[in-house]
Amino acid sequence: MNVLFTEEQVQQRVKELAKAISKDFDGQPLHCIGVLKGAFVFMADLIRHLELDEITCDFLTISSYGDLTKSSGVVKLVTDLTVPIEGRNVLIIEDIVDTGLTLKYLLENLETRNPKTMKVCTFLHKQAAEQENVQVDYTGFVCPLKFVVGYGLDDAQTLRNLPFVATKEEN
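Not measured: the values here are computed from a predicted model. (Residues numbered from 1 in each chain as written. Predicted model: local features only at pLDDT ≥ 70, side-chain atom pairs only at ≥ 80, totals over all residues. Heavy atoms only, no water.)

*Asks:* Even after reading the chapter, I still don't get the overall build of the protein chain, so can you show me in this structure?
*Replies:* Looking only at helices and strands, the protein chain features three helices and nine strands. Ordered by position in the sequence, the α and β elements of the protein chain form the string β-α-β-α-β-β-β-α-β-β-β-β. Against the compact-globule benchmark of 16 Å for 171 residues, the protein chain has a radius of gyration of 15 Å, which places it among compact chains. Counting only C-alpha atoms, the protein chain reaches 45 × 35 × 25 Å along its principal axes. With 171 residues in all, the protein chain has 46% of them scored as buried. Excluding contacts between residues fewer than 6 apart, the proportion of contacts in the protein chain whose partners are at least 24 apart in sequence is 68%. Accessible surface for the protein chain amounts to roughly 8700 Å². Of this, 49% is attributable to carbon and sulfur atoms. Side-chain charges in the protein chain split into 17 positive and 25 negative, and the spacing between the mean points of these groups amounts to 1 Å. (Helix = DSSP H or I, 4+ residues; strand = E, 2+ residues; numbered from the N terminus. Rg over C-alpha atoms; globule rule 2.2 N^0.38 Å. Buried < 20%, exposed > 50% of the residue type's maximum accessible area, 1.4 Å probe, protein only. Contact = heavy atoms within 4.5 Å. Areas by Shrake-Rupley, 256 points an atom, 1.4 Å probe, with all protein chains shown as cover. Lys, Arg positive; Asp, Glu negative; His and termini not counted. Charge placed at Lys NZ, Arg CZ, Asp CG, Glu CD.)

Right under this line is the structure:
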């Protein structure tokens, strides 16, 4: 493995993202939706740095990778939200936007639920791999076209616990 973003770089960028989000939603309630499993580490750190009075959280599980290192191209909602989002300011928190297929599916699905606003924050963005043009409002890092692990991102459910992001040779 080769470290791509150190723990210090990751934590600094998370604080910068939280500051931008806090500025954009100043004085407004914000409902954060974490996309499991990959985004849980990023989301936990991000919401601790948000300077907002009213933050609520929910999670959903989307699958497009399984245990593969590349998207299967088939997106499925595994676990849905537990509370309605109608009329709420929603922030979708993703670990990585790769092809854009998962995010496109998610945005289309959630838009039908009539949120007041909906923005996307992703920790990593592989812009060069995008097949779908999707709006990402907050990006932690632009990521090279390599398989990455750590800080919530996994290799067959392992290595999520690394406090940094590393590239790994694909299986």
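*Asks:* I keep staring at the environment of Glu7 and nothing clicks. Help me out?
*Replies:* With respect to the helices and strands, Glu7 occurs in helix α1 (residues 7-24). Between the C-alpha atom of Glu7 and that of Pro163, which follows or precedes it by 156 residues, the distance is 5.4 Å. Discounting residues that sit within four places of it in the chain, Glu7 has contacts with Pro163 and Phe164.

*Asks:* In this structure, what is going on with the sheet that holds strand β5 (residues 89-97)? I would like to understand it.
*Replies:* Adjacent strands of a sheet form backbone hydrogen bonds with each other and so pair up, either parallel or antiparallel. Spatially, six strands are ordered β4-β3-β2-β5-β6-β7 in an open sheet, and the strand pairing comes out mixed. Every interior strand has two partners, whereas the edge strands, β4 (76-79) and β7 (138-142), have only one. The sheet shows a mean angle of 30 degrees between the axes of neighbouring strands, direction not considered. As defined by bridge partners, β5 adjoins strand β6 (residues 117-125) across eight bridges and the pair is classed as parallel. Note that in β6 the partner of Val97 across the bridge is His125. In this fold α1 packs onto β2 (30-36), β5, β6 and β7, with an angle of close to 160 degrees to the strand it touches most, β7. (Pairing = 2+ DSSP bridges. Axes fitted to C-alpha atoms, helices over the stretch in contact; angles between N-to-C directions.)

*Asks:* What's the story with the nonpolar core in this structure? I'm lost.
*Replies:* For soluble globular proteins, nonpolar side chains are generally found buried alongside one another. Counting residues in hydrophobic clusters, the biggest one holds 28 residues, and the most contacted among them are Ile21, Phe42, Leu46, Leu91, Phe123 and Leu124. The leading source of residues in this core is α1, at five residues. Counting 18 residues, the second-largest nonpolar core is a separate cluster that includes Leu81, Val90, Ile92 and Leu106. (Core = buried A, V, L, I, M, F, W, Y, C linked by side-chain atoms within 4.5 Å.)

*Asks:* When you look at the state of the cysteines in this model, what are you seeing that I'm missing?
*Replies:* All chains considered together, the criterion is met by zero disulfides. Sulfur of Cys57: no disulfide; nearest cysteine sulfur belongs to Cys32 and is 5.1 Å away. Of all cysteine sulfurs in the structure, the one in Cys32 sits closest to Cys121, which takes part in no disulfide; the separation is 8.9 Å. (Disulfide = S-S within 2.5 Å.)

*Asks:* I tried to follow unusual backbone geometry on my own but got confused; where do I start?
*Replies:* Residues other than glycine predominantly adopt negative phi, and peptide bonds predominantly adopt the trans conformation. Cis geometry marks the peptide bond from Leu36 to Lys37; its omega dihedral reads 10 degrees. Here the phi dihedral of Asn114 falls at roughly 60 degrees; this positive angle occurs in a residue that is not glycine. Within the chain, Gln157 stands out as a residue other than glycine whose phi angle is a positive 75 degrees. Mapping Gln157 onto the fold places it in the loop between β8 (148-149) and β9 (165-167). With relative accessibility at 37%, the residue Gln157 sits in the partly exposed group.

*Asks:* Even after reading the chapter, I still don't get the side chain of His125, so can you show me in this structure?
*Replies:* Turning to its location among the elements, His125 is positioned in strand β6. Not counting the four nearest positions on each side in its chain, His125 is found in contact with Val97, Glu130, Val136, Thr139, Phe141, Val142 and Cys143.

*Asks:* Quick question: what am I supposed to make of the side chain of Asp58 here?
*Replies:* Mapped onto the secondary structure, Asp58 falls in strand β3 (residues 55-63). Nearest to the buried, unbridged Asp58 among oppositely charged side chains is Arg88, at 6.4 Å. Within polar-contact distance, the side chain of Asp58 engages the backbone nitrogen of Thr82 at 2.7 Å. At a separation of 3.2 Å, a polar atom in the side chain of Asp58 contacts the main-chain amide nitrogen of Val83. (Salt bridge = Lys/Arg side-chain N within 4 Å of Asp/Glu carboxyl O. Polar contact = N/O pair within 3.5 Å; in protein donor to acceptor, adjacent residues only side chain to side chain.)

No statement about biological role is implied by the geometric values presented.
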